[in-house]
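Inside the fold
So the chains spell out like this:
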Amino acid sequence: MAGPAVGAGWRVDLKAAAGVDAEAIAGWRGLLARNAVLDPRTDPDYLLTAARHLAGGETIAFALAWEQRPEPILRGVVPLAIAEPLFRASRARPWWPPGLTARSLVDPGRGAAIHAAVAAHLRARPRPVAYDPQPREGALSVRRRTVPPESVLGVRPEGYVPPNATVETIREPERVRDAVEAFLALDARTARRPIIAEPQEAAMVRVVTRLFARRQQLAIALASRAGGLVAGTIHLGQGHGAIAWRHAGPDPVPA
C-alpha cells in the first residue's frame, strides 16, 4: 500500500490487514472505547482476521484517519474493498464482512472530514481510485451458524441448558484450541453446511478464537449428555457487549 497522505489536519494511512501495526491497533481500540462501541466484531482482532480470510477474492484495505496534533490521534477506521480492474477506473467502497451490518467507526462530528481525507488520499495514489462512501457488504453469504440476537436465544429462559446435559465453559487460552476443534467436529456432524467445508471460514474461527482468548474476551460453552458433546456456542466479548457468535448442535448454550 502507498505511504501516508498528509492533508489539512489529517493523515490517512492505507494499510493491508497485515500492515496494521500495534500503534494503530491501540488507537483503534481507543476509538471504540471513546464511543462505547461494544460489539466485539468491530475489534481489530475480528475485522483484520475477516479481511484475511473472508475477503472473497477482493482487495481489502484499512484507511486509518489520524488527526494531526502534537500527538496524533486515530479518529476513524474505514475498511475498504478496492477494485482495480484492468480497463476501467479503480473504485473503493467501505466493506464489512459477512453477517456484520455496516456501521461507522469514526468519532462523532468528524465523519465528513474523515471521508473527504480518505477520498483525497485515494485520488493521490499513483493509480487514482474513486471513493464511494456508501458501505459495501461482504461478498460471501451469511452462514446459518451465526446466532442473530432476535433468534432462539431471545426466547429461551435465562440460563437455559439442553435437557439432561452438563455444560463446561472454556476461557483459558491454553484450552481454547482443543475446545474449538471439538466444536468444529460437532458442527461437522450436525450442520447442513459444516464450517470445515469452507476452509476460509474454519480458519477465521480458529484465528478469532485464539486472539480473543489471549485478551480474556472469549468463552466456549460445550454441553455434553451421556458422555458425548451435543451442543456448543462460541461467545465473543464480555459483559453487555458479549455476543453468541457461532453455534453447533440443536440448542444454544449460555456461557
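Reference entry: report on the structure contained in this document. Predicted, not measured: the structure shown is a model, and the values here were computed from it.

Check the secondary structure of the protein and you find five helices and 11 strands. For the protein, the residues scored as buried account for 46% of the 255 residues in total. The long-range share in the protein, meaning contacts at least 24 apart out of those at least 6 apart in sequence, stands at 66%. Only carbon and sulfur atoms are counted for the fraction: they give 54% of the accessible area of the protein, which is about 12500 Å².

Turning to the environment of Trp-95, a few remarks are in order. Among the structural elements, Trp-95 can be located in strand S5 (residues 90-96). For the pair formed by Trp-95 and Gln-134, sequence separation is 39 residues and the distance between their alpha carbons is 9.2 Å.

A separate point is the packing of helix H2 (residues 44-53) against helix H5 (residues 199-214). Running from N to C, H2 and H5 point in directions that differ by 155 degrees, and their axes come no closer than 10 Å. In terms of axis orientation, H2 runs roughly antiparallel to H5. Pair H2 / H5 crosses with right-handed handedness. Residues Asp-45, Tyr-46, Thr-49, Ala-50 and His-53 of H2 lie in contact with H5, whose contacting residues are Gln-200, Ala-203, Met-204, Val-207, Val-208, Leu-211 and Phe-212.

By secondary structure assignment, the location of Ala-50 is in helix H2. Sequence separation of Ala-50 and Trp-96 is 46 residues, and the distance between their C-alpha atoms is 8.7 Å. Sequence-distant contacts of Ala-50, that is, excluding residues within four places in its chain, are made with Ala-55, Trp-95, Pro-97 and Met-204.

A few words now on H2. Taking burial as the measure, the 10 residues of H2 include eight buried ones, the bulk of the element. Here H2 has its buried residues at Pro-44, Asp-45, Tyr-46, Leu-47, Leu-48, Thr-49, Ala-50 and Ala-51. Packed against the buried residues of H2 are helix H1 (22-34), strand S3 (59-67), S5, H5, strand S10 (228-236) and strand S11 (243-248). By the N-cap criterion, in which a side-chain oxygen at the helix start approaches the backbone nitrogen of a residue two or three places on, H2 is capped by Asp-43, the distance to Asp-45 being 2.8 Å.

Thresholds, definitions, all that
Residues numbered from 1 in each chain as written. Predicted model: local features only at pLDDT ≥ 70, side-chain atom pairs only at ≥ 80, totals over all residues. Heavy atoms only, no water. Helix = DSSP H or I, 4+ residues; strand = E, 2+ residues; numbered from the N terminus. Buried < 20%, exposed > 50% of the residue type's maximum accessible area, 1.4 Å probe, protein only. Contact = heavy atoms within 4.5 Å. Areas by Shrake-Rupley, 256 points an atom, 1.4 Å probe, with all protein chains shown as cover. Axes fitted to C-alpha atoms, helices over the stretch in contact; angles between N-to-C directions. Parallel < 35°, antiparallel > 145°, perpendicular 65-115°, else oblique. Left-handed = near helix turned anticlockwise from the far one by under 90°. Polar contact = N/O pair within 3.5 Å; in protein donor to acceptor, adjacent residues only side chain to side chain.

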